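Fold and geometry: a report
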Amino acid sequence: MEQDFEERKDFMKETLRRFEHMLKTDAKEFFDLETYEQVAEHYLDKGEWDKAFKACELGLENYPYSLELMLNKAQLLANRNEFEPAMDILERAALFHPGDSEIPFMQGAIYNLMGEYEMSVHILEGMLDVAEDKDDIYYQIGQSYQNWGKYEEAIRNYKKSIQINLKNEHALYELAHCLDLIGELESHLDYYNELVDQEPFSHHAWYNLGIAYSKLERFEEAARAYEYATLVKDDFASAYFNLGNSYMNLSLYEKARQNYQKAIELEGPQPETCCCLGASYEKMGEYEIAIRHYREAVKLDSEWDDGWFGLGICMSELERWHEAIGFLRKAIQITELNPDYWLALAETEFRLGNVVSAFEAFEKSAEIEPTNPEVWLKWSLVLFDQGNYSRACDLVQAAVDEMPQEADLYYRLAIYLIHAGEYREALLNLEIALTLNYEGHAQLFDFFPELEKQKALYRIIEQYRGEQ
């Protein structure tokens, strides 16, 4: 059997060599229908769309009635947004193969891509009486309704798909997504738990229960669900990866590391997994090891901006500021509108004394995400450290106007106003801060090391607590 496999492998390798030689030289080579179909399938699996398309075209020149080649060519045309030619091929396929269910299924899927949702649903629903894989039909109907913005109908069809086939991972995932979109995920937790009760040895059921809890940010329960999924299926790489994410959110970084490592062992290094593994080491303060994994992520995919960002953060932690700036700017070059990247760059530029560049980066971060208090607090702190209390106050006041419910902004404004000698205004802002979040007053004392000032503030805080 092993010998047969090696022979088939060698035959396919030689076939691909002949096919690519034919493409380069326009030489005439003979391939039977099965070979054309295998070649097209090979390139489809590899994501080499142009070669797959050429295999379909050449194959159909010689074997114009091949259903598989017509379906593959139609799919490739749809991938290019060439919908009309794709539909023409499917109509021709329907003439030659009138009873085949794959043709209307693909027509329904393409109408969905075209935005013709009503036609898509009509065609797909018409298949339900005769189709064998009804779960796939219901799933595709759900997709059409979801893209149409009719989430209740999408949910109903995803549930029908899952009722027929609990292993339909796509239906399970999209169901959770739709429920999350309309704010009904928590009310459907009983539904997910019922799936687990029905099939306690279904890793899919446990996994999707974990997804539901994750979306609700109930990470302890999510972790338990993912753990059960890995107990049922001990080579379930996605469950180990999500389990790692849950532990990261619970600040259990060593456990997160173990699960990311397990995911890599099972499915090989992927940019996202390597990045997450690097982040777990970064959180544990093991920056050199984190750097190694971030480097592996960007080696696997040079456009993986999270990897460049992780390298920049680790270099900053190691006070290798120049290297940090290079990596952060690379991340920004890939994804310019990420406010976290600009904020990290701003802090690093300031560390190097590049005040103008730092302020430009702070401004860009605030422009992208004006409702992130951290940006305004860090930006204003730079001005405060320079003794520019008035400008620091102006910045935080602008943030308060944008986010009037953020207690930390009022506390910081009170601090800056006290240093600026504006005691009355400081007291007014301090009272608002105490009203919004009394416990947050502890941050005041970091800015006033003098014991006497601390005592004065403490008296005001205690007095205010008495008025609560």
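Going by the structure above, here's the rest.
Report follows, based on the coordinates. If you're wondering where the values come from, they're calculated on a predicted model, not measured in any experiment.

1. A closer look at helix H14 (residues 237-249)
Given a rise of 1.5 Å per residue, 13 residues ought to cover 18 Å, and the 19 Å separating the end C-alpha atoms of H14 matches this to within 8%. With respect to burial, H14 is a largely interior element, 10 of its 13 residues being buried. Positive backbone phi, approximately 60°, marks Ser251, located one or two places after H14.

2. Topic: the pattern of salt bridges
Once their charged atoms are close, side chains differing in charge can pair, the charge on each being opposite to the other. Scanning all chains against the criterion turns up 15 salt bridges. Between Lys233 and Asp235 there is a salt bridge, and its shortest N-O distance comes to 3.1 Å. One salt bridge connects Arg257 with Glu254, and the closest N-O pair in it is separated by 2.8 Å. Placement of the pair is Arg257 and Glu254 together in helix H15 (residues 253-267), with a separation of 3 residues, close to one helical turn. When its relative accessible area of 18% is taken as the criterion, Arg257 is described as buried. Judged by its relative accessible area of 34%, Glu254 is partly exposed. Connected through salt bridges with shared partners, the residues Glu20, Glu48 and Lys51 form a single ionic network.

3. Brief notes about helix H10 (residues 169-181)
Between its terminal C-alpha atoms H10 stretches 19 Å, which fits the 18 Å expected from 13 residues at 1.5 Å a residue. Considered for burial, the residues of H10 that qualify are Ala171, Leu172, Glu174, Leu175, Ala176, Cys178 and Leu179. On its buried face, H10 is in contact with helix H8 (134-148), helix H9 (151-164), helix H11 (189-198) and helix H12 (203-215).

Analysis parameters
- Residues numbered from 1 in each chain as written.
- Predicted model: local features only at pLDDT ≥ 70, side-chain atom pairs only at ≥ 80, totals over all residues.
- Heavy atoms only, no water.
- Helix = DSSP H or I, 4+ residues; strand = E, 2+ residues; numbered from the N terminus.
- Expected span 1.5 Å × (residues − 1).
- Buried < 20%, exposed > 50% of the residue type's maximum accessible area, 1.4 Å probe, protein only.
- Salt bridge = Lys/Arg side-chain N within 4 Å of Asp/Glu carboxyl O.
- Contact = heavy atoms within 4.5 Å.

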